Amino acid sequence: MRSEEEIFTEFRPLCAILASGPSSEALARLGQLTAEAEAGDLELVQEYLVFPAQLHLKTRARASAQNYTIAILDYLRSLYKRIRLTSLFLFSDVLSSCLALVSVKTSNTVPVTEDLQISICDTLRTMIRASRDSDGGQDDRGGAGVIFTQLLTSAEPSLKLPLSHLVFTSLAWASEDAAPASVVLACLR
């Protein structure tokens, strides 16, 4: 069995490029490498693979082209379609970054387009499903997983408030009169 260091070696240069700034080419190549890698290996180094996306969503999304932010969310979604989410921190960080991106009403707020709404909803849904205990979240019979275990066992509202904000935000998007069917479906899923 290979160590985390050995597994991450092939991904490190691309993650370093992405951590230093947006690069569509590096993101596409990282997505391609993760699609070709063993799911078990990816699961072991998921914190490292997700870090550039976390950094972008938290600090650069407002200043970057929205298509790049959507590509970042697509990368996360494709990764978590293949592996199990094992870190509550990763989910809560991505969730809070996405909510901050679409919730703040200031002069530097990015316009919340239909594509961004759909991408956020689909990515967070994929991550929630990937947190179940079996099959990377693909089996509805899976266990509670890292997210729901924390919700059920913790008296601390650390995840309850952001999740309720996500539900409120997605229902608000779905109930807008001018909301296209694709946005409504993504929000309700």
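Residues numbered from 1 in each chain as written. Predicted model: local features only at pLDDT ≥ 70, side-chain atom pairs only at ≥ 80, totals over all residues. Heavy atoms only, no water.

Caption draft 1: Main features of the overall build of the chain. When helices and strands are tallied, the chain shows 11 helices and 0 strands. In the chain, which comprises 189 residues, the proportion classed as buried is 46%. Within the chain, counting contacts between residues at least 6 apart in sequence, those at least 24 apart form 66% of the total. For the chain, the accessible surface area stands at approximately 9,500 Å², while carbon and sulfur atoms represent 57% of it. (Helix = DSSP H or I, 4+ residues; strand = E, 2+ residues; numbered from the N terminus. Buried < 20%, exposed > 50% of the residue type's maximum accessible area, 1.4 Å probe, protein only. Contact = heavy atoms within 4.5 Å. Areas by Shrake-Rupley, 256 points an atom, 1.4 Å probe, with all protein chains shown as cover.)

Caption draft 2: Layout of the packing of helix α10 (residues 160-175) against helix α11 (residues 181-188). Viewed as axis vectors pointing N to C, α10 and α11 meet at an angle of 155 degrees, and their least axial separation amounts to 8 Å. The angle between the axes of α10 and α11 places the two elements in the roughly antiparallel class. For the pair α10 and α11, the crossing hand works out as left-handed. Contact residues: S170, L171, W173 and A174 in α10; V183, V184, C187 and L188 in α11. Across the contact of α10 with α11, the residue classes break down as 7 nonpolar, 1 polar and no charged. (Axes fitted to C-alpha atoms, helices over the stretch in contact; angles between N-to-C directions. Parallel < 35°, antiparallel > 145°, perpendicular 65-115°, else oblique. Left-handed = near helix turned anticlockwise from the far one by under 90°. Nonpolar A, V, L, I, M, F, W, Y, C, P; charged D, E, K, R; others polar.)

Caption draft 3: Here's a closer look at the environment of Y75. Looking at the element boundaries, Y75 is found in helix α6 (residues 66-82). In this structure Y75 comes out as buried when scored by relative accessible area, which is 4%. Taking C-alpha positions, Y75 is 8.3 Å from A53, a pair spaced 22 residues apart along the chain. Y75 has contacts with L27, L30, G31, T34 and L49, leaving out every residue within four places of it along the chain. A distance of 3.0 Å separates a polar atom in the side chain of Y75 from the backbone oxygen of L49. (Polar contact = N/O pair within 3.5 Å; in protein donor to acceptor, adjacent residues only side chain to side chain.)

Caption draft 4: Summary view of the pattern of salt bridges. A complete count under the given rule lists 7 salt bridges for this structure. A salt bridge links D93 to K58; the shortest N-O distance between them is 2.7 Å. Of the two residues, D93 is situated in helix α7 (residues 88-103) and K58 in helix α5 (residues 46-60); the sequence distance between them amounts to 35 residues. Taken together, the shared-partner salt bridges in this structure form one network comprising D122, R125 and R189. (Salt bridge = Lys/Arg side-chain N within 4 Å of Asp/Glu carboxyl O.)

Caption draft 5: Expanded view of the packing of aromatic side chains. Inspection of the entire model under this criterion finds 1 aromatic pair. With a centroid separation of 5.1 Å and an interplanar angle of 40 degrees, the aromatic rings of F8 and Y48 are classed as tilted. Placement of the pair is F8 in helix α1 (residues 4-8) and Y48 in helix α5, with a sequence separation of 40 residues. (Phe/Tyr/Trp six-rings, centres within 6.5 Å; stacked < 30°, edge-to-face > 60°.)

Caption draft 6: Summary view of the packing of α7 against α10. The interhelical angle for the contact between α7 and α10, taken along N-to-C directions, is 40 degrees, at an axis separation of 10 Å. When the axes of α7 and α10 are compared, the pair comes out oblique. Between α7 and α10 lies a crossing of left-handed hand. In this structure, α7 contributes F91, L95, L99, V102 and S103 to the contact, and α10 contributes P162, L163, H165, L166, T169 and W173. Taken together, the residues of the contact of α7 with α10 sort by class into 8 nonpolar, 3 polar and no charged.

Structural measurements only, silent on function.
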